[in-house]
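Chain by chain, the residues run as shown.
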Amino acid sequence: MVVLLEQLTSDFPGAPGRQGPGRLSSSGPCRPGAAPDHQEPLMTAIDVTGARTAEAADVITGARERIDALDDRIIGLIQERVAVSAVIQEARIASGGRRVNLSREMDVLGHYRQALGKPGTALAMTLLELCRGKI
Ligand SMILES: C=C(O[C@@H]1C=C(C(=O)O)C=C[C@H]1O)C(=O)O
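The paragraphs below set out a description of the structure included in this document. Residue numbering note: each chain is counted from 1, following its sequence as written. Only residues with pLDDT of 70 or above have their local features reported here, since the model is predicted, and side-chain atom pairs are shown and tallied only from 80 upward, although totals for entire chains, interfaces and linings are computed over all residues. Side-chain figures throughout are based on the complete set of non-hydrogen atoms in the structure, without hydrogens or water.

Below, the discussion takes up the pattern of salt bridges. Take a side-chain nitrogen of Lys or Arg and a carboxyl oxygen of Asp or Glu: if they are within 4 Å of each other, that pair is a salt bridge. Enumeration over the complete set of coordinates arrives at two salt bridges. Salt-bridge contacts for Glu-129 lead to Lys-134; the nearest nitrogen and oxygen are separated by 3.2 Å. You can call Glu-129 partly exposed: its relative accessible area is 35%. Buried means the residue's accessible area, taken with a 1.4 Å probe over protein chains only, is under 20% of the maximum for its type, while exposed means over 50%, and partly exposed covers the values in between.

In structure tokens form, the structure reads like this:
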């Protein structure tokens, strides 16, 4: 993998062995477990982002941090949805009803499709599976 990255990046500025703002780490290699005085080239921000310039690598690195934070929030919201959905399903089952309510699921699928297009339907189906299991 390191060899492949070296081949892919050796012809642009910030390639392994060069210094610059795109450098990911100046204190040591980012490969876990590698000794600080390891002789292989360090991974740079350019390697990791696929950018061709240090400036682009900086933009991508900052934006990826925002995406990671957004993904954490999305995952938290999904976990909250699973918990609320479980309350509904348990109440319905305790009352003698069924876990699944297909007409409501069609409304949920339509809501996501309207907002996000066809991939929204696939996303909603995955959410429904997370919330009530496979049917
Ligand atoms: C949560 C409900 O129960 C089930 C789970 C759903 C969901 O997670 O959105 C939707 C319909 C039901 O299959 C509900 O009826 O609203």
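With that settled, the discussion passes to the site of the ligand. Being near a molecule or strand, for a residue, comes down to having at least one heavy atom within 4 Å of it. Around the ligand sit 13 residues in total, of which Arg-81, Ser-85, Arg-92, Asn-101 and Glu-105 are the nearest. Contacts described as polar in this section are N or O atom pairs within 3.5 Å, which, within protein, must combine one atom able to donate a hydrogen with one able to accept it, while residues neighboring in sequence count only if both atoms come from side chains. Between the ligand and Ser-85, the relevant distance is 2.8 Å, taken from an oxygen atom to a side-chain nitrogen or oxygen of the residue. One nitrogen or oxygen atom from the side chain of Glu-105 is found 2.5 Å from an oxygen atom belonging to the ligand. Areas reported here follow the Shrake-Rupley algorithm with a probe of radius 1.4 Å; residue values treat only the protein chains shown as occluding. Look at the ligand: alone it shows 360 Å² of surface, and the protein chains cover 93% of it. Mapped onto the shell around the ligand, the elements with two or more residues apiece are α3 (54-94), α4 (102-116) and α5 (118-132). Class assignment for the residues of the shell around the ligand results in five nonpolar, three polar and five charged. A helix here means a DSSP run of H or I that spans at least four residues, while a strand means a run of E at least two residues long, and both kinds are numbered starting from the N terminus. Residues are grouped as follows: nonpolar covers Ala, Val, Leu, Ile, Met, Phe, Trp, Tyr, Cys and Pro; charged covers Asp, Glu, Lys and Arg; every other residue, Gly included, is treated as polar.

Another point: a nonpolar patch on the surface. Excluding any residue in a salt bridge, patches collect residues exceeding 30% relative accessible area, merging like charges within 9 Å and nonpolar Val, Leu, Ile, Met, Phe, Trp and Tyr side chains within 5 Å. Judged by side-chain polarity, Ile-67, Leu-70 and Ile-74 come together as a nonpolar surface patch covering roughly 270 Å² of accessible area. As for its position among the elements, Ile-74 is in helix α3. The exposure class assigned to Ile-74 is partly exposed, which follows from its relative accessible area of 44%.

Okay, the packing of α3 against α5 next. To define axes, lines are fitted to C-alpha atoms, for helices over the stretch in contact only, and angles between the resulting N-to-C directions are given on a 0 to 180 degree scale. Where α3 contacts α5, the axes come no closer than 8 Å and their chain directions differ by 55°. One way to sum up the angle between α3 and α5 is to call them oblique. Taken as a pair, α3 and α5 cross one another with a handedness that is right-handed. Between α3, through Ile-78, Arg-81, Val-82, Ser-85 and Gln-89, and α5, the contact on the second element is made entirely by Leu-127, Leu-128, Leu-130, Cys-131 and Arg-132. Residues belonging to the contact of α3 with α5 are distributed by class as follows: six nonpolar, two polar and two charged. Any angle that falls under 35 degrees is termed roughly parallel, while one over 145 is termed roughly antiparallel, one within 65 to 115 roughly perpendicular, and all others oblique. Rotating anticlockwise by less than a right angle from the far helix to the near helix defines a left-handed crossing, while the corresponding clockwise rotation defines a right-handed one. Whether two residues are in contact is decided by their heavy atoms, any of which lying within 4.5 Å being enough.

Keep in mind that these numbers describe shape and distance, not what the molecule does.
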